[in-house]
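Chain by chain, the residues:
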Amino acid sequence: MTYLHVRFPRLKESLPRLPLGDGPTPVRPLPGLSEGAAQVWLKDDGAYGNGGWGGNKVRKLEWLLPDVRHSGRKTILSVGGLGTNWGLATALYAREHGLRTVLALVDQPVDDYVRAQLGRLRESGAKLYFTRTKGRTVAAVPWLFARHFSGGRPPYVLGAGGSSPVGALGYVEAALEIAAQVEDGLLPEPSHIVTAVGSGGTTAGLLLGLRLAGLRTRVVGVVVNDTLRLDGVTLPRLARRTAKLLERRGAGPLRFESGEEDLTVVRDRLGKGYGHPTPEGERAREHAAGREGLVLEPVYTAKAVAALRAMNEEGRFGDGPILFLQTNGPR
Ligand SMILES: *Cc1c(COP(=O)(O)O)cnc(C)c1O
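Keep in mind the model is a prediction, meaning the values are calculated, not measured.

### Some details on the pattern of salt bridges
Right, so step 1: A full pass over the atoms with the stated rule returns 15 salt bridges.
Right, so step 2: Asp107 is paired through a salt bridge with Arg132; the nearest N and O atoms lie 2.7 Å apart. Separated by 25 residues along the polypeptide, Asp107 in the loop between strand 5 (100-106) and helix 5 (112-123) and Arg132 in strand 6 (residues 127-132) bring together distant segments of the chain.
Right, so step 3: Judged by its relative accessible area of 45%, Arg132 is partly exposed.

Have a look at this one:
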């Protein structure tokens, strides 16, 4: 079932979804994760994805791959870090659906996790270009674009993380799924959802989807990427562009606005930058694994949980409950 299509039947044709995973993803309490006053719950989107790789990128691809197909393009051109979860998910699911992937990769700190990820990228069938810096990557894109025409058509270009309005639909849909779980009594209505912000599509999609669902839940986005502008201006803007996309494709007027109170952007958990582990993040990882059997990785989810723990101890979530979105899904 696709909640967006039930809600807006005209989108079935104009914005099709290609199911790549099985929802709803499980929710459960995490009593050991944090010492603060607010109860913490987990929504495990790491479990999402049937194609050998899971996590939040799969939900974006469910909307992006039909858009690529509809455009008649045969190749996706995108960018990411050396350990890009986005690039890997794209390569694996695109290949399954007859599309090629070309990736330009920017350097990031290399640890065992990134090394393993690079190995998976090499096996994914994607064509990899090691463009190293952001500047060289931006400069290389026109050349890669020209070089990877196929069947007379140019590649479909996607920014890092797949955070276009079409990609963000994955988390509009996920927010409607959360609302259904609240409705079914599986989850108390969260006061806040905490998630890592890498390219913004997850946060922006949630922001829009929660309002469409009529929940009062606020989004707390923990920024882990300093190579893109991700803040209280750009994230709501992406949510509004996503609302406009739905309106243009037949959802009717949505009157979406997001107020300042709907989103908290946390920018002080980055440490030295994208991909650099932080001491609090590493402590959060150990704690989550030991107390809850919850596997976090250093780049995104460890920093998000470190922020959640610190803010909860400071009483920033009131009585909660808080929903932590597990976005990481290696298999
Ligand atoms: C990409 C990613 C995120 C961030 O999601 P965005 O939509 O890019 O902001 C969070 N966690 C993990 C594990 C990711 O791979």
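### Observations concerning the side chain of Lys43
Right, so step 1: Among the secondary structure elements, Lys43 is positioned in strand 2 (residues 40-44).
Right, so step 2: Beyond its immediate sequence surroundings of up to four residues, Lys43 is in contact with Thr25, Pro26, Val27, Arg59, Glu177, Ile178, Gln181, Leu323, Phe324, Leu325 and Gln326.

### Examining helix 4 (residues 85-96)
Right, so step 1: Over its twelve residues, helix 4 runs 17 Å from end to end, which matches the ideal 16 Å to within 8%, given 1.5 Å per residue.
Right, so step 2: Buried residues dominate helix 4, accounting for ten of its twelve residues.
Right, so step 3: When helix 4 is considered as a whole, its buried residues turn out to be Asn85, Trp86, Gly87, Leu88, Ala89, Thr90, Ala91, Leu92, Tyr93 and Ala94.
Right, so step 4: Its side-chain oxygen at 3.3 Å from the backbone nitrogen of Trp86, Thr84 defines the N-terminal cap of helix 4.
Right, so step 5: Count one or two residues on from helix 4 and you reach Gly98, which has phi positive near 80°.

### Considering the nonpolar core
Right, so step 1: Of all hydrophobic cores here, the largest spans 71 residues; its most connected members are Leu65, Leu206 and Leu246.
Right, so step 2: When residues of this core are assigned to their parent elements, the largest contribution, ten residues, is made by helix 7 (residues 165-183).
Right, so step 3: Counting only domains with at least three residues in this core, you end up with domain 1 (3-53 + 163-326) and domain 2 (74-154).
Right, so step 4: Leave out the neighbours within four places in its chain, and Leu206 touches Tyr171, Ala175, Ile178, Ile193, Thr195, Val219 and Leu325.
Right, so step 5: One finds Leu30, Val40, Ala307 and Ile322 within the second-largest nonpolar core, a separate group that totals 27 residues.

### Focus: the UniProt feature "domain: Tryptophan synthase beta chain-like PALP" (unreviewed entry) in the protein
Right, so step 1: Mapped onto this numbering, the UniProt entry annotates "domain: Tryptophan synthase beta chain-like PALP" (unreviewed entry) at residues 20-325.
Right, so step 2: Along residues 20-325 one finds 43% helix and 17% strand; the C-alpha atoms at either end are 19 Å apart.

### Remarks on the site of the ligand
Right, so step 1: What surrounds the ligand is a group of 15 residues, the closest being Lys57, Lys60, Ser199, Thr202 and Thr327.
Right, so step 2: Between the ligand and the protein, one listed contact pairs an oxygen atom with a backbone N or O atom of Gly198 at 2.8 Å.
Right, so step 3: Between an oxygen atom of the ligand and a side-chain N or O atom of Ser199, the distance comes to 2.5 Å.
Right, so step 4: Look at the ligand: alone it shows 380 Å² of surface, and the protein chains cover 98% of it.
Right, so step 5: Counting residues per element, the ones that place at least two in the shell around the ligand are helix 3 (56-71), strand 8 (192-197) and helix 8 (201-213).

### Quick notes on the packing of aromatic side chains
Right, so step 1: Counted according to the given criterion, the structure contains three aromatic pairs.
Right, so step 2: Judged by centre distance (5.8 Å) and plane angle (85°), the rings of Phe145 and Phe149 are edge-to-face.
Right, so step 3: Cation over ring: Arg59 sits above Tyr48, and NZ or CZ is 4.4 Å from the ring centre.
Right, so step 4: The lysine or arginine in question, Arg59, covers the ring of Tyr171, its NZ or CZ lying 5.7 Å from the ring centre.

What counts and what doesn't
- Residues numbered from 1 in each chain as written.
- Predicted model: local features only at pLDDT ≥ 70, side-chain atom pairs only at ≥ 80, totals over all residues.
- Heavy atoms only, no water.
- Salt bridge = Lys/Arg side-chain N within 4 Å of Asp/Glu carboxyl O.
- Helix = DSSP H or I, 4+ residues; strand = E, 2+ residues; numbered from the N terminus.
- Buried < 20%, exposed > 50% of the residue type's maximum accessible area, 1.4 Å probe, protein only.
- Contact = heavy atoms within 4.5 Å.
- Expected span 1.5 Å × (residues − 1).
- Polar contact = N/O pair within 3.5 Å; in protein donor to acceptor, adjacent residues only side chain to side chain.
- Core = buried A, V, L, I, M, F, W, Y, C linked by side-chain atoms within 4.5 Å.
- Domains from an automatic or database assignment.
- UniProt positions renumbered as here; feature names shortened; annotations may be inferred.
- Near = heavy atom within 4 Å.
- Areas by Shrake-Rupley, 256 points an atom, 1.4 Å probe, with all protein chains shown as cover.
- Phe/Tyr/Trp six-rings, centres within 6.5 Å; stacked < 30°, edge-to-face > 60°.
- Lys NZ or Arg CZ within 6 Å of the ring centre and 35° of its normal.

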